[in-house]
Amino acid sequence: KQEVTQIPAALSVPEGENLVLNCSFTDSAIYNLQWFRQDPGKGLTSLLLIQSSQREQTSGRLNASLDKSSGRSTLYIAASQPGDSATYLCAVRDYKLTFGKGTLLTVNP
Amino acid sequence: EPEVTQTPSHQVTQMGQEVILRCVPISNHLYFYWYRQILGQKVEFLVSFYNNEISEKSEIFDDQFSVERPDGSNFTLKIRSTKLEDSAMYFCASNPSKGGMNTEAFFGQGTRLTVV
């Protein structure tokens, strides 16, 4: 059974700092990995999708990496802003998405 | 930009009542899903739907749950007799037809179901 773990559970940083969120998964037989953002009480906004054959994907200040053989992914956020404050979820796909519990990020002005 | 639309945004129901949660997936998408998130917990898979039938379902998706695509655009989740533990945020998601599993999943904004 696929298990997804995200570390840290919560992170508080000053504005402008670069940061890394970690995601690990137990079964490497995945199609892809997707990072989402969730604001309190809201839906899931897709940030990045990495195919299982890819190592990296970038969108603006976000960069996600994938090491499928070791079951790890990282989300790098450059020059963090208060508007980045949210919960970041990692999910891996076989026939369905399996989610981690998320990292609650707070960026302080 | 196309989006997945869910209604209602919030529903309160009495225990034992039937509820129907509605979703309009992105047009031309063929793979549809329901997920739920109990407050403070992980997002969990409930069911996937393709070609007008259930393709996969989780242990959570028991006989109290059913899904339907009644008219080619709406995708519904019915809970026949709600329990207190069904209180959660329910998310609908869809994937584009091309690529299926290899493509990005698009999620709706969710329906918060509160069972009292």
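Refer to the preceding data block for the structure.
Residues numbered from 1 in each chain as written. Chains lettered and ligands numbered in written order. Predicted model: local features only at pLDDT ≥ 70, side-chain atom pairs only at ≥ 80, totals over all residues. Heavy atoms only, no water.

## Describing the overall build of chain B
Moving on, step 1. For chain B, the helix and strand inventory stands at 0 helices and 11 strands.
Moving on, step 2. Each helix and strand of chain B, placed in order from N terminus to C terminus, yields the pattern β-β-β-β-β-β-β-β-β-β-β.
Moving on, step 3. The C-alpha atoms of chain B give a radius of gyration of 13 Å, which matches the 13 Å a tight globule of 116 residues would have.
Moving on, step 4. Each of the three principal axes of chain B carries a C-alpha extent, and together these read 40 × 30 × 25 Å.
Moving on, step 5. Taking all 116 residues of chain B together, 44% fall into the buried category.
Moving on, step 6. Taking the contacts inside chain B whose residues are at least 6 apart along the sequence as the reference set, 54% of them involve residues at least 24 apart.
Moving on, step 7. For chain B, the accessible area works out to roughly 6000 Å², and carbon and sulfur atoms hold 46% of it.
Moving on, step 8. One finds the centroid of the 10 positive side-chain charges in chain B at a distance of 1 Å from the centroid of its 14 negative side-chain charges. (Helix = DSSP H or I, 4+ residues; strand = E, 2+ residues; numbered from the N terminus. Rg over C-alpha atoms; globule rule 2.2 N^0.38 Å. Buried < 20%, exposed > 50% of the residue type's maximum accessible area, 1.4 Å probe, protein only. Contact = heavy atoms within 4.5 Å. Areas by Shrake-Rupley, 256 points an atom, 1.4 Å probe, with all protein chains shown as cover. Lys, Arg positive; Asp, Glu negative; His and termini not counted. Charge placed at Lys NZ, Arg CZ, Asp CG, Glu CD.)

## Observations regarding the packing of aromatic side chains
All names here are of chain B.
Moving on, step 1. Inspection of every chain in the model, using the stated rule, returns 14 aromatic pairs over all chains.
Moving on, step 2. Between phenylalanine 32 and phenylalanine 75, the ring centres sit 5.4 Å apart and the planes meet at 40 degrees, which makes this aromatic pair tilted. Taken together, the residues span a long stretch of sequence, with phenylalanine 32 in strand β4 (residues 29-37) and phenylalanine 75 in strand β8 (residues 75-79) at a distance of 43 residues.
Moving on, step 3. Owing to a relative accessible area of 2%, phenylalanine 32 belongs among the buried residues under this scheme.
Moving on, step 4. Residue phenylalanine 75 is classed as buried on the basis of its relative accessible area, which comes to 0%.
Moving on, step 5. Summarising the aromatic geometry, the rings of tyrosine 33 and tyrosine 35 are spaced 6.2 Å apart at their centres and angled 40 degrees between planes, so their arrangement reads as tilted.
Moving on, step 6. Exposure remark for tyrosine 33: the relative accessible area of 2% places this residue in the buried category. (Phe/Tyr/Trp six-rings, centres within 6.5 Å; stacked < 30°, edge-to-face > 60°.)

## Notes on the pairing of strand β6 (residues 53-57) of chain B
All names here are of chain B.
Moving on, step 1. Here 4 bridges tie strand β5 (residues 43-50) to β6, and the two strands are oriented antiparallel to one another. Following the sheet pairing, phenylalanine 49 is matched in β6 by isoleucine 54.
Moving on, step 2. The turn joining β5 and β6, which pair antiparallel and follow one another in sequence, is formed by 2 residues; a positive phi near 55 degrees is taken by asparagine 51. (Pairing = 2+ DSSP bridges.)

## Here's the deal with the nonpolar core
Moving on, step 1. Ranked by internal contacts, the top residues of the largest apolar core, which has 23 residues, are Phe25, Leu33, Trp35, Leu75, Ile77, Tyr88 and Leu105 of chain A.
Moving on, step 2. For this core, the elements supplying multiple residues, two or more each, are β3 (19-25), β4 (32-38), β5 (44-51), β7 (62-67), β8 (72-77), β9 (86-93) and β11 (103-108) of chain A.
Moving on, step 3. By size, the runner-up hydrophobic cluster in this structure holds 22 residues, among which are Trp34, Leu46, Phe75 and Ala88 of chain B. (Core = buried A, V, L, I, M, F, W, Y, C linked by side-chain atoms within 4.5 Å.)

## Section: the interface of chain A and chain B
Moving on, step 1. Across the boundary between the two partners, chain A contributes 23 residues, which contact 21 residues of chain B.
Moving on, step 2. Around 1800 Å² of area is buried between chain A and chain B when both sides are counted, 54% of it from carbon and sulfur atoms.
Moving on, step 3. Along the contact surface separating chain A from chain B lie 0 salt bridges.
Moving on, step 4. Joining chain A to chain B, the criterion identifies 9 residue pairs in polar contact (both at pLDDT 80 or more). (Buried area = accessible area lost by both parts, 1.4 Å probe. Salt bridge = Lys/Arg side-chain N within 4 Å of Asp/Glu carboxyl O. Polar contact = N/O pair within 3.5 Å; in protein donor to acceptor, adjacent residues only side chain to side chain.)

## Here's the deal with the pairing of β5 of chain A
Moving on, step 1. Relative to β5 of chain A, β4 of chain A runs antiparallel, the two being bridged by 7 bridges. Along β5 of chain A, the bridge assignment pairs tryptophan 35 of chain A with leucine 48 of chain A.

## Notes on the state of the cysteines
All names here are of chain B.
Moving on, step 1. Enumeration according to the criterion identifies 2 disulfides over all chains in this entry.
Moving on, step 2. A sulfur-sulfur separation of 2.0 Å characterises the disulfide bridge that pairs cysteine 23 with cysteine 92. Of note, the bridge from cysteine 23 to cysteine 92 carries an S-S torsion of about -65 degrees and is left-handed in sense. On the criterion of sequence distance, the pair formed by cysteine 23 in strand β3 (residues 19-24) and cysteine 92 in strand β9 (residues 88-96) is long-range, its members being 69 residues apart.
Moving on, step 3. A residue is classified by how much of its surface remains accessible, and cysteine 23, at 0% relative accessible area, is buried. (Disulfide = S-S within 2.5 Å.)

## Quick word on unusual backbone geometry
Moving on, step 1. At the junction of isoleucine 7 of chain A and proline 8 of chain A, the peptide bond is cis and its omega measures out at 0 degrees in the coordinates.
Moving on, step 2. Here proline 8 of chain A is to be found in the loop between β1 (4-7) and β2 (10-14).
Moving on, step 3. Residue proline 8 of chain B is bonded to the preceding threonine 7 of chain B through a cis peptide linkage, with omega at -10 degrees.
Moving on, step 4. In this structure, proline 8 of chain B sits in the loop between β1 (5-7) and β2 (10-13).
Moving on, step 5. Even without glycine at this site, alanine 79 of chain A takes up a positive phi of about 45 degrees.
Moving on, step 6. Looking at the element boundaries, alanine 79 of chain A is found in the loop between β8 and β9.
Moving on, step 7. Note on alanine 79 of chain A: relative accessible area 36%, which makes it partly exposed.
Moving on, step 8. A positive phi angle, near 55 degrees, is found at asparagine 51 of chain B, a position not held by glycine.

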